[in-house]
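Structural characterization, general
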Amino acid sequence: QVQVMESGGGLVQAGGSLRLSCAASGSIFNIHGMGWHRQAPGKERELVALITRSGETNYADSVKGRFTISRDNRDSTVYLQMNNLKPEDTAVYYCVAEVTTYSGTYFPEYWGQGTQVTVSS
């Protein structure tokens, strides 16, 4: 079927940077939008950034100017460059992919397992 796997999380001090990666693989005919969401302890999951296949992007107001989303369609990979990190960015970050498989099945949201990002003050 389809696998979506994140990597690149970790512990960083406030003001530091991290780069998250997410690769989609499996029986994929086409990947449409890709993106990142996050969920902090005790809070609901929220959108961080999205990118369309053509490269159009959308960001949460809280990360504009600090985070950059990009993708490589050849490798079915999406990246999230996070700069000037703040303690409030601490969360589990989830990758999501909008996928059509070779069998014609459309998945509007195919989620990865998440990667932890912790920002210390």
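Structure report, in brief. (Residues numbered from 1 in each chain as written. Predicted model: local features only at pLDDT ≥ 70, side-chain atom pairs only at ≥ 80, totals over all residues. Heavy atoms only, no water.)

Remarks on the pattern of salt bridges
Pairing between side chains of opposite charge can happen when their charged atoms approach one another. We apply this condition: Throughout this description, the term salt bridge denotes a Lys or Arg side-chain nitrogen within 4 Å of a carboxyl oxygen of Asp or Glu. Runs of H or I in DSSP of at least four residues are treated as helices and runs of E of at least two as strands, each being numbered from the N terminus. In this scheme, a residue with accessible area under 20% of its type's maximum is buried, one over 50% is exposed, and one in between is partly exposed, where area comes from a 1.4 Å probe on protein chains only.
What the rule picks out here adds up to 5 salt bridges. In this structure, Arg 66 engages Asp 89 in a salt bridge whose closest nitrogen and oxygen atoms are separated by 2.8 Å. With Arg 66 in the loop between strand E6 (57-59) and strand E7 (67-72) and Asp 89 in the loop between strand E8 (77-82) and strand E9 (91-101), the pair connects residues that are 23 residues apart, well separated along the chain. Residue classification places Arg 66 among the buried residues on the basis of a relative accessible area of 9%. What makes Asp 89 buried here is its relative accessible area of 1%. Across the salt bridge formed by Asp 72 and Arg 74, the nearest N and O atoms sit 3.2 Å from each other.

A word on the pairing of E9
Along any regular strand, the residues point their side chains to alternate faces of the sheet. Operational definition: Any two strands are treated as partners once DSSP identifies two or more bridges connecting them.
With 9 of its 11 residues buried, E9 lies for the most part within the structure. Both strand E4 (residues 28-39) and E9 contribute to a ladder of 9 bridges, which runs antiparallel. When the sheet's bridge partners are listed, Asn 30 is paired in E9 with Thr 100. Judged from the 3 bridges that link them, E9 and strand E11 (residues 115-120) form a sheet pairing that is antiparallel. Bridged to Val 92 within E11 is Gln 116.

Regarding the nonpolar core
For clarity, the cut-off: Among buried residues, those of type Ala, Val, Leu, Ile, Met, Phe, Trp, Tyr and Cys that are joined through side-chain atoms within 4.5 Å constitute a nonpolar core. The contact criterion used throughout is that any non-hydrogen atoms of two residues lie within 4.5 Å.
Within the largest apolar cluster, 32 residues are counted, with the highest numbers of intra-cluster contacts made by Trp 36, Leu 80, Met 82 and Tyr 93. Secondary-structure elements contributing two or more residues to this core are strand E1 (2-7), strand E3 (18-26), E4, strand E5 (46-51), E7, E8, E9 and E11. Each residue touching Met 82, except ones within four places of it in the same chain, is listed here: Gly 16, Ser 17, Leu 18, Leu 20, Arg 66, Phe 67, Tyr 93 and Val 117.

Looking at the packing of aromatic side chains
Heads up, the rule is: Aromatic rings from Phe, Tyr and Trp, taking only the six-membered ring of Trp, are treated as a pair when their centres fall within 6.5 Å; an angle between ring planes under 30 degrees marks them as stacked, one over 60 as edge-to-face, and anything in between as tilted. To sit over a ring, a charge needs its Lys NZ or Arg CZ within 6 Å of the ring centre and within 35 degrees of the ring normal.
The full count for this structure, using the stated rule, is 3 aromatic pairs. Relative to Tyr 102, the ring of Phe 29 has its centre 5.9 Å away and its plane inclined at 70°; by these criteria the two rings are edge-to-face. Linking Phe 29 in strand E4 with Tyr 102 in the loop between E9 and strand E10 (106-111), this pair joins segments that are 73 residues apart in sequence. One exposure class covers both Phe 29 and Tyr 102, and it is exposed. When the centroid spacing of 6.5 Å and the interplanar angle of 85° are considered together, the rings of Tyr 94 and Trp 111 count as edge-to-face. Here Tyr 94 is found in strand E9, whereas its partner Trp 111 is found in strand E10, with 17 residues between them in sequence. When the ring centre of Tyr 94 is taken as reference, the NZ or CZ atom of Arg 45 above it lies at 3.7 Å. Directly above the aromatic system of Trp 111 lies the positively charged group of Arg 45, at a separation of 4.7 Å from the ring centroid.

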